[in-house]
Amino acid sequence: MAAVNDARKRAMARKVQVALDGDIRGKTIAVLGLTFKPKTDDMRDAPSIPLITALQDMGAKVRAYDPVGMTQAKPMLGNVTFCDSAYSCAEGASALVIVTEWEEFRALDFARLKAIMARPVLVDLRNVYQADEVKRHGFACESVRRPRK
């Protein structure tokens, strides 16, 4: 069962790869949310760990932000740049990936993000946003269990 869950979590990295037209080597990926669930610093079975490991294995540079869990995450995640906000995390990124559905990630300023990111790409692994809404802001959007548009 653990192997199946880990494979499913690593498949999330492939969603990021697809959103970036198959090539993430050398690109910066911003990961929002590191903890297993919002409102906790619990990193046990956090999907961010295999996701970040897989992204790094594919050659990506990873920046990460979590409102509460970064102290717990740092010893578990090597070679990650930890940031002090969602926006500092997104700066210069080729894709923004929502991993944990923290309340503050539900009200992102897409105009601000578009101005600071290298590419306007959102990979919403928690289906926080409707794809049509994201696209209206000029972003490409990849989500879970929804058809790619």
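Refer to the structure above for everything that follows.
Predicted model, so just to flag it, every value in this text is computed and none were measured.

The rules behind the values
- Residues numbered from 1 in each chain as written.
- Predicted model: local features only at pLDDT ≥ 70, side-chain atom pairs only at ≥ 80, totals over all residues.
- Heavy atoms only, no water.
- Helix = DSSP H or I, 4+ residues; strand = E, 2+ residues; numbered from the N terminus.
- Rg over C-alpha atoms; globule rule 2.2 N^0.38 Å.
- Buried < 20%, exposed > 50% of the residue type's maximum accessible area, 1.4 Å probe, protein only.
- Pairing = 2+ DSSP bridges.
- Axes fitted to C-alpha atoms, helices over the stretch in contact; angles between N-to-C directions.
- Salt bridge = Lys/Arg side-chain N within 4 Å of Asp/Glu carboxyl O.
- Phe/Tyr/Trp six-rings, centres within 6.5 Å; stacked < 30°, edge-to-face > 60°.
- Right-handed = clockwise from strand over helix to strand, strands pointing away.

Caption draft 1: Representation of the overall build of the chain in the model. From N to C terminus, the chain includes six helices and six strands. Written out in order from the N terminus, the α and β elements of the chain read α-β-α-β-α-β-α-β-α-β-α-β. Over its C-alpha atoms the chain spans a radius of gyration of 14 Å, differing by no more than 12% from the 15 Å that the globule rule assigns to 149 residues. Overall, the chain is about 35 × 30 × 25 Å in size when its C-alpha atoms are taken along their principal axes. Looking at the chain residue by residue over its 149 residues, the buried ones come to 49%.

Caption draft 2: Main features of the sheet that holds strand β2 (residues 61–65). Pairing in this open sheet of six strands is parallel, and the strands run β3-β2-β1-β4-β5-β6 from one edge to the other. Since the sheet does not close on itself, it has two edges, and those belong to β3 (80–82) and β6 (140–143), each with one partner. The sheet shows a mean angle of 20° between the axes of neighbouring strands, direction not considered. Pairing of β2 with β3, which is carried by three bridges, proceeds in the parallel orientation. In the sheet register, Arg63 faces β3, and the bridge partner there is Thr81.

Caption draft 3: Summary view of the pattern of salt bridges. Inspection of every chain in the model, using the stated rule, returns six salt bridges. Between Asp21 and Arg119 there is a salt bridge whose closest N-O contact spans 3.2 Å. Of this pair, Asp21 sits in the loop between α1 (2–19) and β1 (28–32) while Arg119 sits in the loop between α5 (110–116) and β5 (121–124), and the two are 98 residues apart along the sequence. Residue classification places Asp21 among the exposed positions, given a relative accessible area of 61%. For Arg126, the salt bridge goes to Glu101, with nearest N and O atoms at 3.2 Å. With a gap of 25 residues between them, Arg126 in the loop between β5 and α6 (131–136) and Glu101 in the loop between β4 (95–98) and α5 connect regions that are remote in the sequence.

Caption draft 4: Seen up close, the packing of aromatic side chains. Enumeration according to the criterion identifies three aromatic pairs in this entry. Residues Tyr65 and Phe105 carry aromatic rings whose centres are separated by 6.1 Å and whose planes lie at 65° to one another, so their mutual orientation is edge-to-face. In this pair, Tyr65 is assigned in strand β2 and Phe105 in the loop between β4 and α5, connecting sequence segments 40 residues apart. By the burial criterion, Tyr65 is buried, and Phe105 matches it.

Caption draft 5: Representation of the pairing of β2 in the model. As paired elements, β1 and β2 share five bridges and run parallel to each other. Each residue of the ladder has a partner; that of Ile29, found in β2, is Val62. Taken together, β1, helix α2 (residues 48–57) and β2 form a β-α-β motif whose crossover is right-handed.

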